[in-house]
Structures are given as structure tokens and as C-alpha cells.
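# Fold and geometry: a report
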Amino acid sequence: MKREGVSRGRNVTIQPMTPADLDEVMPIEAASYAIPWKRPMFEAELHGNRFARLSVARDSEQNALLGYVCFWMVFDELHLINLSVHPEWRRMGIGEELARWTLSWARENGARLATLEVRASNEAAKRLYEKLGFKVAAVRRDYYREPREDAVLMNLSEW
């Protein structure tokens, strides 16, 4: 499913990720996480996980990769795995556009529940997810390494 949208003046296209996108995805991943996914992890999600869906957001005019989202759709549950935006394009609504697109896709495909984990210290992400209606469900102590940190488990059941 391809979608055109506008995020704060940018024309954004969201479309399925392909292996050719990984050259642009990997630097964003490295800039976004203390322990980033390696290329084989993305390749496994693209080719070896029947539940996985990966999409990219591109600037429609310049074709620049702005961000990406990875999620699993398992029966009627969406699990948001990874949502990242290029550092130069953060705070421009692209993450929200990707999240809203993902929730819309999931709802159209039968999702009744959406879940995710987020670092306890990631205030920007928590604010985004709360804006979208996610609620804190639990805290997973010491879930993340490097640095060791709790994960906040968030759920969304109505959207």
C-alpha cells in the first residue's frame, strides 16, 4: 500500500521497504539507537518473517529517505518494532505520519490491539504515542542494554 501525505510542508510517500532501501536505512538506524539493528536483521524481516511489514517514508520531490517503520501483524495484533526518522528530519511530523499510516494499515487489516515498547527516557516517542492514544500498560525492568534501561510497554485498543 502506497500513500501520499504532507508532513509540515513536505510531500511524503510511504511505501513498502525493499532491499535497495537498506543503504539509506542503515545510517538512520545507526544514528537512532545505542544498539542498532544490523543489515542481516532487516533482511531477515524483509524476507524471512511472514508477520513482518517494513515501510519507508520518502520525500516525494527529492526522493530522500526520511524514515522507516517496522512492525509485525500477528493475527489481530499489531506490534510496532522500530520507527525511526533521519536526524535532519525529526520534529517535522514524519514519525507521526509513519505511525498514523501504520495504525491505519493495521486497522484495515483487522488489528484490534497495537503494542510497543519504548525506552523510559525517550520522552519524545512517549509523547507521540500518547498523542496517538497509546496508554502505558506495564514497565519491563532492565529491558534495554547499553545503556541498561526500563522499557515502557504501551497499548492501543481503540483507534
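Structure shown above.
Residues numbered from 1 in each chain as written. Predicted model: local features only at pLDDT ≥ 70, side-chain atom pairs only at ≥ 80, totals over all residues. Heavy atoms only, no water.

A separate point is the packing of aromatic side chains. Inspection of the entire model under this criterion finds seven aromatic pairs. Seen from their ring centres, F42 and Y68 are 5.8 Å apart, and the 80° between their planes marks the pair as edge-to-face. Within this pair, whereas F42 is found in helix 2 (residues 39–48), its partner Y68 is found in strand 4 (residues 65–74), the two being separated by 26 residues in sequence. Like Y68, F42 is buried. Each ring, one from Y143 and one from Y144, has its centre 5.0 Å from the other, and the planes form 90°; the classification is edge-to-face. (Phe/Tyr/Trp six-rings, centres within 6.5 Å; stacked < 30°, edge-to-face > 60°. Helix = DSSP H or I, 4+ residues; strand = E, 2+ residues; numbered from the N terminus. Buried < 20%, exposed > 50% of the residue type's maximum accessible area, 1.4 Å probe, protein only.)

Okay, the pattern of salt bridges next. This structure, assessed with the given rule, holds ten salt bridges. R100 is the salt-bridge partner of E96, the closest N and O atoms lying 2.8 Å from each other. Note that E96 and R100 are positioned in helix 3 (residues 94–108) at a spacing of four residues, about one turn of the helix. R100 gets classed as partly exposed once you look at its relative accessible area, which sits at 39%. As a salt-bridge pair, E96 and K131 come within 2.8 Å of each other at their nearest N and O atoms. Taken together, the residues E96 in helix 3 and K131 in helix 4 (residues 123–131) connect sequence positions 35 residues apart. With relative accessibility at 53%, the residue K131 sits in the exposed group. Connected via shared salt-bridge partners are D21, E24 and R58. (Salt bridge = Lys/Arg side-chain N within 4 Å of Asp/Glu carboxyl O.)

Right, let's talk about unusual backbone geometry for a bit. Between E146 and P147 the backbone carries a cis peptide bond, its omega angle lying at -5°. On the secondary structure map, P147 appears in the loop between strand 7 (135–144) and strand 8 (149–156). Following the sequence through the fold, E146 ends up in the loop between strand 7 and strand 8. Judged by its relative accessible area of 54%, E146 falls in the exposed class.

Moving on, we come to the nonpolar core. Of all hydrophobic cores here, the largest spans 31 residues; its most connected members are L78, Y129 and F134. Among the secondary structure elements, those contributing two or more residues to this core are strand 2 (10–16), strand 4, strand 5 (77–85), helix 3, strand 6 (113–119), helix 4 and strand 8. With seven residues, the single largest contributor to this core is helix 3. Sequence-distant contacts of F134, defined by excluding residues within four places in its chain, comprise L103, A114, T115, L116, Y129, M154, N155 and L156. (Core = buried A, V, L, I, M, F, W, Y, C linked by side-chain atoms within 4.5 Å. Contact = heavy atoms within 4.5 Å.)

The values reported here are purely geometric and, on their own, carry no functional implication.
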